[in-house]
Amino acid sequence: MATAIVVTSGKGGTGKTSVTGGISSCLAALGYKVLCIDMDICLRNLDLSLGMSDRALMDFTDVVESRCSLARAVVGHPVIQGLYLLTAPLTPRPIQESAMQTLIREAKHTYDYILMDSPAGLGSGFRLAACGADRAIVVSTSDPSALRDAQRTVGELRRTIPGGIHLVMNRIQPKLLKKLHTTIDDAMDTAGLPLLGVVPEDQAVPLAAAQGQPLLLYSRKSAAIAYLNIAKRITGQMVPIMRIR
């Protein structure tokens, strides 16, 4: 059964878009058919994380406003089989949540997983990204303000997604490992979220995006391994949480 997952965070700068691109690429590498939807209207960047910069000619508003079909608007990855992108518009558009829910239902007939990269914050863009989701991934760093905003995000998500909300701690530095364990435990206890994965700080992430490559094709270490482990957990595999040394 197809699953729609919104990837979100309470604030910008947590690496949410990189996490979306990394997990999506790994799900496709595992043999699943994956659609990534960039929901960040006016500020889309998911194409950079996927190594698909400027390949999309249509965006999701073209689909919901019936200017083209979903199949025509979606763009396939040139290298990673099974990975597809539906991008966001560059200009503001009023989109009804019911229209986005219809799009997600249609996509579920074709794709195994649909990952939606939500804009930061808790405004209309966040609600649009979350309205059709079955599950949610909340991305946070160990920064106290990021954790506080993540907890607020969880409260909003639970209004539409009663279960299936998980936490990913991102951009974790080994030198903060002692402090990190306490931070993760506190975040899980306060937010009431199970931990889906821990992703280390990795210079390969921005370097891969700058060179127009998905991380999966650029590196097989550090963050790339963490994304693969998270993808496996999403599919139901039992994989230990990465130890950051």
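In short, a report on the structure. Owing to the predicted nature of the structure, the values given are computational and were not obtained by experimental measurement. (Residues numbered from 1 in each chain as written. Predicted model: local features only at pLDDT ≥ 70, side-chain atom pairs only at ≥ 80, totals over all residues. Heavy atoms only, no water.)

## Digging into the overall build of the protein
1) Next: Helix and strand counts for the protein come out as eleven helices and eight strands.
2) Next: Relative to a compact globule of 245 residues, whose C-alpha radius of gyration would be 18 Å, the protein shows 17 Å and is just as compact.
3) Next: Overall size of the protein, expressed as C-alpha extent along the three principal axes, is 55 × 35 × 35 Å.
4) Next: The positive charge centre, built from 26 side chains, and the negative charge centre, built from 20, are 5 Å apart in the protein. (Helix = DSSP H or I, 4+ residues; strand = E, 2+ residues; numbered from the N terminus. Rg over C-alpha atoms; globule rule 2.2 N^0.38 Å. Lys, Arg positive; Asp, Glu negative; His and termini not counted. Charge placed at Lys NZ, Arg CZ, Asp CG, Glu CD.)

## Focus on the packing of helix α1 (residues 16–29) against helix α11 (residues 223–234)
1) Next: It is the contact of α1 with α11, at a shortest axis distance of 8 Å, that shows an interaxial angle of 65°. Between α1 and α11, the angle falls in the class roughly perpendicular. When the axes of α1 and α11 are compared, the crossing they make is right-handed. Two secondary-structure elements touch here, α1 through Ser18, Val19, Gly22, Ile23, Cys26 and Leu27 and α11 through Ala224, Tyr227, Leu228, Ile230, Ala231 and Ile234.
2) Next: Within the contact of α1 with α11, the residues separate by chemical class into ten nonpolar, two polar and no charged. (Axes fitted to C-alpha atoms, helices over the stretch in contact; angles between N-to-C directions. Parallel < 35°, antiparallel > 145°, perpendicular 65-115°, else oblique. Left-handed = near helix turned anticlockwise from the far one by under 90°. Contact = heavy atoms within 4.5 Å. Nonpolar A, V, L, I, M, F, W, Y, C, P; charged D, E, K, R; others polar.)

## Quick word on the pairing of strand β2 (residues 34–38)
Residues in a regular strand point their side chains to alternate faces of the sheet.
1) Next: The element β2 is largely enclosed, with a buried count of five among its five residues.
2) Next: Of the two faces of β2, the one lined by Val34, Cys36 and Asp38 and the one lined by Leu35 and Ile37 are each fully buried.
3) Next: Inspection of the sheet shows β2 paired to strand β4 (residues 83–86) by four bridges, in the parallel sense. Counterpart to Val34 in the pairing with β4 is Leu83.
4) Next: Here β2 pairs with strand β5 (residues 113–117) via five bridges, running parallel. (Buried < 20%, exposed > 50% of the residue type's maximum accessible area, 1.4 Å probe, protein only. Pairing = 2+ DSSP bridges.)

## Some remarks on unusual backbone geometry
1) Next: At Cys42, a position not held by glycine, the phi torsion is positive, near 80°.
2) Next: Here Cys42 shows up in the loop between β2 and α2 (46–50).
3) Next: Under the relative-accessibility criterion, Cys42 is labelled partly exposed at 33%.
4) Next: Look at Ser222: it is not a glycine, yet its phi comes out positive at around 50°.
5) Next: In this fold, Ser222 is placed in the loop between α10 (215–218) and α11.
6) Next: In this structure Ser222 comes out as partly exposed when scored by relative accessible area, which is 26%.

## Looking at α11
1) Next: In this model, α11 (twelve residues) spans 16 Å end to end at C-alpha, consistent with the 16 Å of a helix rising 1.5 Å per residue.
2) Next: For α11, the buried fraction is high: nine of the twelve residues fall into the buried class.
3) Next: Among the residues of α11, those classed as buried are Ala223, Ala224, Ala226, Tyr227, Asn229, Ile230, Ala231, Arg233 and Ile234.
4) Next: Just downstream of α11 lies Gly236, where phi reads positive at about 105°. (Expected span 1.5 Å × (residues − 1).)

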